[in-house]
Amino acid sequence: VTGKGMTPPQKILFPPEKICMDWRQKRRPGAGLYNLGSTCYLNVILQCLTYTPPLANYLLSRQHSRFCRQQGFCMMCTMEDHVRKVLFSSASAIRPRAIIRDLKCKQFQVLQQFFFPSLRGELLTSFLVIGEFKPDIPGDAYEFLRCTLSAMQTACLSGSSDSDISSEETTIIHQIFGGFLRSRVICPNCKAISDSYKVFLDVLLKIKGASSLTIALEDFVTPKQSDGKKNFKCSKCKKKVAAPKMVTVHHAPRVLIVCLGRADDQTRRKISQVVAYPEYLDLRPYMSDPAGEPLLYSLYAVVVHAGHTCLGGHFFCFAKVSDGQWYKMNDVSVESCDLCTALEQQAYLLFYTR
């Protein structure tokens, strides 16, 4: 078996044993967020990250800001302040002005080249299309999530310029959200196995024709036949062959973020079908080793996109707070709801924790 993409790190930037997966403190739900133009897509991501237990525990401890050396804007320090304001504020709603003020074009220019190849069939956010972030122009929650995690990762790497790539994947962000996908190809001629590995912070699933999350995951790990233009060259027999590639989850993250791709690849229209998703998800059947012990995840947040088209509409979310109760969070509104309501939505993003 030949493999690439999983070189052992030279050093661990954040020890995984220091991660606390359960809430250290239980409290009532925090404040809602004002919509400062068309910032509902930003609000739902901020709320979902605020109620991600291991991330919130870390941010509330101020471990990053106490040792931060980054000059100017730091996304981790900004998130520390934001989470503390949301969870400890006596106001019913706050304005996330600091995040909107500091998320300038320079934070995302480099992401344009990275994200555009993977955006076929997905929503393009306005700040990626026009090269700048403007709160009064509608955006997409999924791409804002990816940009936010990337900015937080950059902040974690401040002062670690000498780290190798594998070590950079041991920050608190990767320790919480990071996992590895394995791509396996078996040569039909000599039966040689070729594996490659890729780190991920979220999983994007195609949902056209899928009535449930489990069906979409089954399709995700089903071997896909390569076309004639992308034949596989075997490293052993040196021949180019048409061989199916199978992608599986090789290393599971502590927090699993799933995006249900609701933009049709061909028509660009929104896929509005219902996709059922469970409160508890067993990821084991979709792992490289599907015969091991169950790998159970619990749902704690759901992002919903309301609207008939991909480029408009409104975002709101549901989140389970530290006391175990579910709440619907719609900009300034934070209202109690039951689990059944959270499970009956036309979900766009799903957040699960180990």
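Sequence order sets the numbering: in each chain, residues are counted from 1 along the sequence as written. Residues qualify for local features only when their pLDDT is at least 70, as the model is predicted, and side-chain atom pairs are given and counted only at 80 or more; totals for whole chains, interfaces and linings, by contrast, use all residues. Calculated side-chain values reflect all of the structure's heavy atoms, with hydrogen atoms and water omitted.

Under an unreviewed UniProt entry, the name given to the chain is Ubiquitin carboxyl-terminal hydrolase 36, and the organism recorded is Cettia cetti. UniProt positions are given in the numbering used here, feature names are shortened, and annotations may be inferred rather than shown by experiment. In its Catalytic activity (unreviewed entry) section, the UniProt record describing the chain reads: "Thiol-dependent hydrolysis of ester, thioester, amide, peptide and isopeptide bonds formed by the C-terminal Gly of ubiquitin (a 76-residue protein attached to proteins as an intracellular targeting signal)."

A word on the pattern of salt bridges. Salt bridge, as used here: a side-chain nitrogen of Lys or Arg that lies within 4 Å of a carboxyl oxygen of Asp or Glu. Overall, the coordinates contain 5 salt bridges when judged by the stated rule. Residue Arg62 is joined to Glu80 by a salt bridge in which the shortest nitrogen-to-oxygen separation is 3.8 Å. Taken together, the positions of Arg62 in the loop between helix H2 (53-61) and helix H3 (75-88) and Glu80 in helix H3 put the pair 18 residues apart, joining distant regions of the chain. Relative accessibility under 20% of the residue-type maximum defines a buried residue, over 50% an exposed one, and the middle range a partly exposed one, all with a 1.4 Å probe and only protein chains included. What makes Arg62 partly exposed here is its relative accessible area of 29%. Residues Arg184 and Asp195 are paired through a salt bridge, measuring 2.8 Å at the closest nitrogen-oxygen approach. Taken together, the residues span a long stretch of sequence, with Arg184 in strand S4 (residues 179-186) and Asp195 in strand S5 (residues 193-200) at a distance of 11 residues. Put simply, DSSP H or I for four residues or longer makes a helix, DSSP E for two residues or longer makes a strand, and each gets a number counted from the N terminus.

Between the rings of Phe, Tyr and Trp (Trp by its six-membered ring), a pair exists once the centres lie within 6.5 Å; its type follows the angle of the planes, with under 30 degrees stacked, over 60 edge-to-face, and the other angles tilted. Per the counting criterion, the structure on display carries 6 aromatic pairs. Summarising the aromatic geometry, the rings of Phe14 and Tyr58 are spaced 5.4 Å apart at their centres and angled 90 degrees between planes, so their arrangement reads as edge-to-face. Note that Phe14 is positioned in the loop between strand S1 (2-4) and strand S2 (32-33) and Tyr58 in helix H2, a separation of 44 residues in sequence. The class of Phe14 is buried, set by a relative accessible area of 9%. Taking the relative accessible area as the measure of exposure, Tyr58 reaches 9% and is therefore buried. The criterion for a charge sitting over a ring is simple: Lys NZ or Arg CZ within 6 Å of the ring centre, and within 35 degrees of the ring normal. Across from the ring centre of Tyr34, 4.0 Å away, lies the NZ or CZ of Arg95, which sits over that ring. Against the face of Phe316 rests Lys328, its NZ or CZ located 4.8 Å from the ring centre.

What follows is about the environment of Met79. Of note, Met79 is situated in helix H3. Each C-alpha atom, one on Met79 and one on Thr50, is 8.6 Å from the other, the two residues being 29 residues apart in sequence.

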